[in-house]
Amino acid sequence: LVKTEFIAFAVLGMFAGMRREEIQRFAAQPGGGWEEINFNVGTIQIGPTIGKRGKRVIQINKTLKRWLDWVKKDGRMDFYPPNLNKGWHAVRIASLPTAKLRRRNLSRHSFITYSLRMPKASYAQVARDAGTSEGTIREYYEDIQATAKMAATYWALTPARILKSANTGSSP
């Protein structure tokens, strides 16, 4: 199930670690948030009125870069589409086990979990990107049962791979 109108929203949660409320405020910025993305430097600026804990700079990783390029090229550039609440809920119901439906910012949690399981991962860098404290990251994510192999699979979820699977009916 690929609802392309929600991909820009999902990308910021899954691959930038942004909270839903941050994405909403980000999308309300001039230019719909795109002016805060610096492709040349490889960063996203989260201003003090956007981030839950103030301003921060998110490093654009390879997967996020591929998705942002795809979103921009495809013209589906609205990070917080008007029909998001109803439509995103339908996507979640169709794709998640019931136990996960109540969890807020699930995409962000995936970002943090799989970022920590990558080679050379740093609690400090993941905390900076996610806009939280290193202590919080350690408290909630240190014992999560995810492997480096699972993380590699997650970070390989690129537009080419996902959309090819959606078109052929195979799994990514």
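Description of the structure in this document. All figures in this text were calculated on a predicted structure; none of them were measured in a lab.

Reading the values: rules and limits
- Residues numbered from 1 in each chain as written.
- Predicted model: local features only at pLDDT ≥ 70, side-chain atom pairs only at ≥ 80, totals over all residues.
- Heavy atoms only, no water.
- Helix = DSSP H or I, 4+ residues; strand = E, 2+ residues; numbered from the N terminus.
- Core = buried A, V, L, I, M, F, W, Y, C linked by side-chain atoms within 4.5 Å.
- Buried < 20%, exposed > 50% of the residue type's maximum accessible area, 1.4 Å probe, protein only.
- Contact = heavy atoms within 4.5 Å.
- Phe/Tyr/Trp six-rings, centres within 6.5 Å; stacked < 30°, edge-to-face > 60°.
- Lys NZ or Arg CZ within 6 Å of the ring centre and 35° of its normal.

### Describing unusual backbone geometry
Here Lys-120, not a glycine, exhibits a phi torsion of approximately 65°, which is positive. Tracing the backbone shows Lys-120 in the loop between helix H5 (106-116) and helix H6 (123-130).

### Some remarks on the nonpolar core
Of all hydrophobic cores here, the largest spans 41 residues; its most connected members are Phe-26, Ile-44, Leu-68 and Phe-79. Mapped onto this core, the elements with two or more residues apiece are helix H1 (7-16), helix H2 (20-27), strand E2 (43-46), helix H3 (62-74), H5, H6, helix H7 (134-141) and helix H8 (148-155). If you tally residues by element for this core, the top one is H1, at seven residues. If we ignore the near neighbours within four places in the chain, the residues touching Phe-79 are Ala-8, Phe-9, Leu-12, Ile-23, Phe-26, Ala-27, Gly-32, Trp-34, Ile-37 and Leu-68.

### What to know about the packing of aromatic side chains
Following the criterion strictly, the structure yields eleven aromatic pairs and no others. Taking the centre distance of 6.5 Å and the plane angle of 10° together, the rings of Phe-15 and Trp-67 count as stacked. Residue Phe-15 is located in helix H1, and its partner Trp-67 is located in helix H3; the two are separated by 52 residues in the primary sequence. Their ring planes at 80° and their centres at 6.0 Å tell us that Trp-67 and Trp-70 sit as a pair that is edge-to-face. With Trp-67 and Trp-70 both in helix H3 and three residues apart, this pair spans about one turn of that helix. Residues Trp-67 and Trp-70 agree in their burial class; the two are buried. Between the NZ or CZ atom of Arg-138 and the centre of the ring of Tyr-123, over which it lies, the distance is 3.9 Å.

Read these as layout, nothing more, since geometry by itself doesn't imply function.
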